[in-house]
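Chains, contacts and geometry: an overview
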Amino acid sequence: MFAAERRQLILEMVRANGAVSLRELARVVQTSEVTVRRDVRALEAEGLLDRRHGGAVLPGGFTRESGFPQKSHLATAEKTAIADLAAGFVEEGEAIVVGAGTTTQELARRLARVPGLTVVTNSLLVAQALAHANRVEVVMTGGTLRGSNYALVGSGAEQSLQGLRVSRAFLSGSGLTAERGLSTSNMLSASVDRALVQAAAEVVVLADHTKLGTDTMFQTVPTDVITRLVTDEPPGHDDRAATELQALADQGVSIAVAGASGGDPVPASSSRRRDVPLPGPRRGQVPGGGSPGLRTAGVLGDQAAGAERERARVADLRRR
């Protein structure tokens, strides 16, 4: 494929998806990431796209939201590894909320094996993944169906979450920065995600490395409310992603890094519970009550560990 043909295909992929990783671009155009990076630089010089952490986005600083068919084919290995690691933080008998997204859908497939679990979700895809799990109770929010990501949104979804208390919320999004936290490109989705956060004692964000440093229009979870980030290991050349991980760790976010190649996940160097102001009553034991038919899970504290070990591990990623 000639350079002009490659760059035209790259441009079409970015326009169709809003954001694409270098790894995915290299796979589609059947060349090396080094060559793709050179093509992306050339397209950026022409003002046709912007480079971001390990990928390319639409020009203008804020990426637009991709539809489900496009998202489902992006960073599939990374999402699988992230879901494998995140599932290990869920214990038997817990009550959790799981937001919409392709990464959370992967997580849901693994949660089907956790006995006594109650999952509250606004995602039809998450519910479908758990539909035949005999030992898992699934509770759907109300709301209006948003077809682009098969999620229930609007006032009905938000009202159905009022009074709910669970142990953890697992959320994904369109972008994550240390400065602004998790964000998404749709106002209705952002509003429901904020309601999910209010219901949880801890917030776990699932985001692959291509989302690190990407900022989108609507903030869903401020950085100081994120308890843990589960992500994949950024490529060795991606200094900006490693820098973003360091900045998140500096702000007290516990980082858990999974290997995207299917190997053993890299364990989080700190699995402590953060003591930060969280929305809603989140201290100590979660009070009883909540929506009818739901079991209320207590807050599960993490094992204590020092922040310095976590920062040292992230700094090592940066040096690589």
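Residues numbered from 1 in each chain as written. Predicted model: local features only at pLDDT ≥ 70, side-chain atom pairs only at ≥ 80, totals over all residues. Heavy atoms only, no water.

**Structural notes on the nonpolar core**
If you look at the biggest cluster of nonpolar residues, it comprises 35 residues, and the most contacted ones within it are Leu176, Val205, Val221, Leu229, Leu248 and Ile255. The set of elements that each furnish at least two residues to this core consists of strand 4 (95-98), strand 9 (166-171), helix 9 (187-198), strand 12 (200-206), helix 10 (239-250) and strand 15 (254-258). Filtering out sequence-adjacent residues up to four positions away, Leu176 remains in contact with Gly181, Leu182, Val205, Ala207, Lys211, Leu212, Gly213, Thr214, Ile226, Leu229, Glu244 and Leu248. One finds Ile82, Ile96, Leu111 and Val114 within the second-largest nonpolar core, a separate group that totals 26 residues. (Core = buried A, V, L, I, M, F, W, Y, C linked by side-chain atoms within 4.5 Å. Buried < 20%, exposed > 50% of the residue type's maximum accessible area, 1.4 Å probe, protein only. Helix = DSSP H or I, 4+ residues; strand = E, 2+ residues; numbered from the N terminus. Contact = heavy atoms within 4.5 Å.)

**Here's the deal with the sheet that holds strand 13 (residues 218-221)**
Overall, antiparallel pairing links the 3 strands, which are arranged 10-11-13 in an open sheet. Edge strands, defined here as strands with exactly one partner in the open sheet, are strand 10 (175-177) and strand 13. Mean inter-strand twist for the sheet, computed between neighbouring axes without regard to direction, equals 35 degrees. Sheet analysis places strand 10 next to strand 11 (residues 181-184), joined by 3 bridges and oriented antiparallel. Residue pairing for strand 11: Leu176 is matched across the bridge by Leu182. Docked against the sheet, helix 9 engages strand 11 and strand 13, running at close to 20 degrees with respect to strand 13. (Pairing = 2+ DSSP bridges. Axes fitted to C-alpha atoms, helices over the stretch in contact; angles between N-to-C directions.)

**Considering the sheet that holds strand 14 (residues 228-232)**
Read from one edge of the open sheet, 7 strands run 6-5-4-9-12-14-15, paired in parallel fashion. Each edge of the open sheet carries a strand with a single partner, namely strand 6 (136-140) and strand 15. With direction set aside, neighbouring strand axes in the sheet form an average angle of 20 degrees. Of the pairings in the sheet, the one linking strand 4 to strand 9 comprises 3 bridges and is parallel in character. Looking across to strand 9, one finds that Val98 is bridged to Phe170. Contacts between helix 5 (residues 76-87) and the sheet are confined to strand 9, strand 12, strand 14 and strand 15, with strand 14 contributing the most and set at about 140 degrees to the helix.

**Some words on the packing of aromatic side chains**
Aromatic ring pairs are reported here in terms of the distance separating the ring centres and the angle at which the planes meet. Applying the stated rule across the entire model yields 0 aromatic pairs. The positively charged end of Arg228 is found above the aromatic ring belonging to Phe89, 4.0 Å away from the centroid. (Phe/Tyr/Trp six-rings, centres within 6.5 Å; stacked < 30°, edge-to-face > 60°. Lys NZ or Arg CZ within 6 Å of the ring centre and 35° of its normal.)

**Notes on the environment of Leu124**
Tracing the chain through its elements places Leu124 in helix 7 (residues 124-130). For Leu124, a relative accessible area of 34% gives the class partly exposed. Between the alpha carbons of Leu124 and Met140 there is a distance of 8.3 Å; along the sequence they are 16 residues apart. Filtering out sequence-adjacent residues up to four positions away, Leu124 remains in contact with Met140, Leu145 and Tyr150.

**A word on helix 2 (residues 22-29)**
Those residues of helix 2 that fall on the buried side of the exposure criterion are Leu22, Glu24, Leu25, Ala26 and Val29. Gln30 lies just past helix 2 and shows a positive phi near 60 degrees.

**Brief notes about the pairing of strand 15**
Counting buried residues along strand 15, 5 of its 5 residues qualify, which places the element largely inside the surrounding structure. In strand 15, alternate side chains face the same way, and those of Ser254, Ala256 and Ala258 on one face and Ile255 and Val257 on the other are all buried. Note: strand 14 against strand 15, 5 bridges, orientation parallel. Bridging from a neighbouring strand, Arg228 pairs with Ser254 of strand 15.

**Remarks on the pattern of salt bridges**
Scanning all chains against the criterion turns up 11 salt bridges. Close ionic contact of Arg7 with Asp39 constitutes a salt bridge, the shortest N to O distance being 2.9 Å. In this pair, Arg7 sits in helix 1 (residues 3-17) while Asp39 sits in helix 3 (residues 33-45), placing the two residues 32 residues apart along the sequence. According to the relative accessible area criterion, Asp39 is buried, its value standing at 0%. Between Arg168 and Glu202 there is a salt bridge; the shortest N-O distance is 2.9 Å. Remark: Glu202 occurs in strand 12 and Arg168 occurs in strand 9; sequence separation between them is 34 residues. (Salt bridge = Lys/Arg side-chain N within 4 Å of Asp/Glu carboxyl O.)

**What about the environment of Gly55?**
Assignment of secondary structure puts Gly55 in strand 3 (residues 55-57). Along the primary structure Gly55 and Thr210 are separated by 155 residues, whereas in three dimensions their C-alpha atoms are 6.4 Å apart. Gly55 has contacts with Val20, Ser21, Leu22 and Asp50, leaving out every residue within four places of it along the chain.

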